[in-house]
Amino acid sequence: MARGGGRRRTLWLVALGAALAALPVAAPSAYALTLFNIIGLYAIVTVGLVLLGSSGQVSLGQAAFYGIGAYVSALLAKDLGWSTLATVPLAIVCVAGAAYLVGLPTLRLADHFFVLATLGVGIIVNVLMIQMVPVTGGASGLRDIPGLGAWGLRVTTDRQFYYVVWTCVLAAVLVARNITSHRTGRALRAILGSEVGAAALGIDVARYKMQVFVLSAAYAALAGALYAHYVRFISPSPFSLYASLFFLVMAVVGGLTNIWGGLVGAAAVTVLDQVIRAEMPLVFPRVGGEYQTAIYGILLIVIMLFFPAGLVRRALDLGRTRREAGGET
Amino acid sequence: MLALLPQLVLTGLTVGSIYALVALGFVLIYTVTGIFNFAQGEFSMLGALICATLLATHAPLALAALAAVAAVAAVGAATERLVVQPAFGGHPLTLIIITFGASMVYRGIALMVWGADPYALPEFTPGPPLILFGGVLGRQALWAIGLSVGVVAALFAFFTRTVWGAALRACADNAFASRLVGISPRRMSLFAFTLSAALGALAGIVIAPISGATYDMGLALGLKGFVAAVIGGLGSAPAAVVGGYAVGLIETLTTGYLTPGYGDAITFLVLLVVLFLQREGLLRGARRRAA
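Fair warning: this is a prediction, and the values are worked out from it, not measured in the lab. (Residues numbered from 1 in each chain as written. Chains lettered and ligands numbered in written order. Predicted model: local features only at pLDDT ≥ 70, side-chain atom pairs only at ≥ 80, totals over all residues.)

Notes on the overall build of chain B
In terms of regular secondary structure, chain B is built from 11 helices and 2 strands. For chain B, the sequential pattern of α-helices and β-strands runs α-α-α-α-β-β-α-α-α-α-α-α-α. Scaling as 2.2 N^0.38, a compact globule of 291 residues should have a C-alpha radius of gyration of about 19 Å, and chain B matches this with 18 Å. When its C-alpha atoms are laid out on the principal axes, chain B stretches across 60 × 45 × 35 Å. In chain B, which comprises 291 residues, the proportion classed as buried is 54%. Restricting to contacts in chain B with at least 6 residues of sequence separation, those with at least 24 account for 76%. (Helix = DSSP H or I, 4+ residues; strand = E, 2+ residues; numbered from the N terminus. Rg over C-alpha atoms; globule rule 2.2 N^0.38 Å. Buried ≥ 20, exposed ≤ 12 C-beta atoms within 10 Å, placed from the backbone. Contact = placed C-beta atoms within 7 Å.)

Describing the overall build of chain A
When its secondary structure is counted, chain A shows 14 helices and 2 strands. A buried classification covers 47% of the 329 residues belonging to chain A. Pairs at least 24 residues apart make up 78% of the contacts formed inside chain A by residues separated by at least 6 positions.

Looking at helix α4 (residues 92–114) of chain B
Taking 1.5 Å as the rise per residue, α4 of chain B with 23 residues should run 33 Å; its terminal C-alpha atoms sit 33 Å apart, in good agreement. Of all 23 residues that make up α4 of chain B, 18 are buried, and the element is covered over most of its length. (Expected span 1.5 Å × (residues − 1).)

A closer look at the environment of alanine 77 of chain B
Residue and element names in this part refer to chain B. Within the secondary structure layout, alanine 77 lies in helix α3 (residues 61–84). Sequence separation of alanine 77 and leucine 66 is 11 residues, and the distance between their C-alpha atoms is 17 Å. Excluding anything up to four places from it in sequence, alanine 77 contacts Leu190, Phe193 and Thr194.

Observations concerning the nonpolar core
Core analysis: the biggest nonpolar cluster contains 212 residues, and Val47, Val95, Ala221, Val249 and Leu300 of chain A together with Leu24 and Val72 of chain B have the highest contact counts within it. For this core, the element with the most residues is helix α10 (residues 205–231) of chain A, which contributes 18 residues. The residues touching valine 72 of chain B, leaving out its near neighbours within four places in the chain, are Phe43, Leu46, Gly47, Ile50, Ala197, Ala198, Gly200 and Ala201 of chain B. (Core = buried A, V, L, I, M, F, W, Y, C linked by C-beta atoms within 7 Å.)

Observations concerning the interface of chain B and chain A
With 37 residues of chain B at the interface, the matching set in chain A holds 39 residues. Looking at which element gives the most residues to the side of chain B that touches chain A, the answer is α4 of chain B, with 16 residues.

Some details on the environment of alanine 203 of chain B
Residue and element names in this part refer to chain B. Along the chain, the position of alanine 203 falls in helix α8 (residues 185–211). Here the alpha-carbon distance between alanine 203 and leucine 258, two residues 55 residues apart in the chain, equals 27 Å. Non-local contacts of alanine 203, meaning those with residues more than four positions away in its chain, are made with Ile18, Leu21, Val22 and Ser44.

Digging into the packing of α3 of chain B against α4 of chain B
Residues and elements named next belong to chain B. Running from N to C, α3 and α4 cross one another at 135°; their axes reach a closest spacing of 11 Å. Comparing their axes, α4 and α3 come out oblique. Every pair of crossing elements has a handedness; the one defined by α3 and α4 is right-handed. Taken together, the residues of α4 that come into contact with α3 (itself represented by Thr79, Val83 and Val84) are Leu95, Ile98 and Ala102. (Axes fitted to C-alpha atoms, helices over the stretch in contact; angles between N-to-C directions. Parallel < 35°, antiparallel > 145°, perpendicular 65-115°, else oblique. Left-handed = near helix turned anticlockwise from the far one by under 90°.)

Describing the packing of helix α5 (residues 139–161) of chain B against helix α6 (residues 163–173) of chain B
Residue and element names in this part refer to chain B. Between α5 and α6, the least distance of the axes is 5 Å, while the angle of their chain directions is 80°. As far as their axial angle goes, α6 and α5 are roughly perpendicular. Packed against α5, whose contacting residues are Phe158, Phe159, Thr160 and Arg161, the element α6 presents Gly165, Leu168 and Arg169 at the interface.

Looking at unusual backbone geometry
In the Ramachandran plot, aspartate 144 of chain A falls in the positive-phi region, its phi being about 55° despite a non-glycine side chain. Not every positive phi belongs to a glycine, and histidine 58 of chain B is a case in point at roughly 65°. Mapped onto the fold, histidine 58 of chain B is located in the loop between α2 (40–56) and α3.

Here we look at the confidence of the model for chain B
For chain B, the mean per-residue pLDDT works out to 85, and 95% of the residues sit at or above 70. In this model residues 284–291 of chain B is a low-confidence stretch, pLDDT under 50, and it forms 23 contacts with partners more than four residues away in sequence or in other chains. (pLDDT = per-residue confidence, 0-100.)

Some thoughts on the environment of threonine 252 of chain B
Here threonine 252 of chain B lies in helix α10 (residues 237–257). The spacing of threonine 252 of chain B and leucine 5 of chain B is 247 residues in sequence and 9.8 Å in space, taken between C-alpha atoms.

So, α3 of chain B
With 24 residues, α3 of chain B extends 33 Å between its outermost C-alpha atoms, agreeing within 8% with the 34 Å of an ideal straight helix rising 1.5 Å per residue. Three or more residues of α3 of chain B are buried, namely Ala64, Ala65, Ala68, Val69, Val72, Ala73, Val75, Gly76, Thr79, Glu80, Val83 and Val84 of chain B. Contacts made by the buried residues of α3 of chain B are with α13 (292–306) of chain A together with α2, α4 and α8 of chain B.

What follows is the structure, given as structure tokens:
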């Protein structure tokens, strides 16, 4: 049974990989391809957030880690002329270190203090990005960031970047799946159920929470670094608190503890955001800015109240019950 | 350098008194229900904007302010009944995300209703400002400081002299035990949300003549209120008030003496330092007693 399940999963993965590889060929327009790329970047951040959610934590500072990753990699590649093969991993290491420093004192505190601390880090980092003009270029940002490249190969087109980012997405998902389906995953689920209970079972709660937090920050940094070399221009605004909320909505839609859900959540919310941006001005013509927050807020509340496991899990469960009901009759 | 000090201190006390009101509302909900209400700042925003709209219909200021406070208190009660109460007893994460969702809803709705442009509220009593120790103190600033001191005194009397105040304190102390003596924690939770929404609205209405009223003012105000409450240790109303003044002073002194843009970053740096040092806040003392 277990082996059969494993084979079926491998088949699923191969099918998914093939579908993803074929997608750019079938993409109807350049716009769709760009959208797939953005979804890939967000999916990496969201999977990290879901990993964190598996331990019963939530962070409102993911955009800061996403942003630090982008700025570090962009600055190293642009000003020092280093290869992106070195700058992207370095950016990830820097962010992981920063997350460790943030987590050290705050992860031992109750949930809401941790949320508040990550929120504070997000705001501090955004202020620094705007104010440290000599380093970050301030509000006008950094231009002419080199694209991804190594050994003479350069990633210049959307399609090339698509394969890079989605390889990273699949790797990120598989690593996260591996973590959550083994010993660490069981420990995390115990912590999610009850921290005191987990500690009583001999689980080092603080250590596991720290590992997951650092890893989720590293995921965000990877996505940020890729973003910087993809768009080749960065400014503080895509890394504001609003972006952190956006990532949270994606993770919640997919289900805060469901790794594959993170992928679906990122895709669904990105597409929803595009639709809202296109349609809302028709309904409220004079409104600019972040009016979508109302819709996302309602989404958060409704999902947390009625489908705490996320919409994806809910849909899967519905499908299963229908199948089973169909099998009986 | 020193010539600037009196002015900065006076400004710090003014904004600090507003942060103190927000922090009070926040501590009230936290002690009674254990919920970190991330929508607290939005109550202030709604209060200020509703008051501005009522004033535009030529209602007298006092009436408009009272009506706005009452309306926001109703919003607070509705928030508790509709989205907070159903999630009671769930994972703490659920409630954090829900109150955050509520704050996003209010901000988004405010943007749709009032737009992004700031609204101006008139000063309560127009007139020339006071000169104190070489610093200028506007009349509205006096209103802000006076009202926050007055509200703290009134709350203190309410908590120590009335049955409802005692019931709230009992519920904050031990919800289970208070149920045994006939106090409904659910009703107290509703009451705490209503009262703290009213406090938040009052803070918004008082500060609006100084800083203007916009749909996104609640975020910054709420966050400063959280920092104030955390510095005060989250458990006591007087400590939260002191925390509010501390945050106000830190903010104006750093923006006055350092580069202006770093004000927010330094406020949150203080928050992180406080969290690092001790979870009880800098002002220890009677935790979970006064409010």
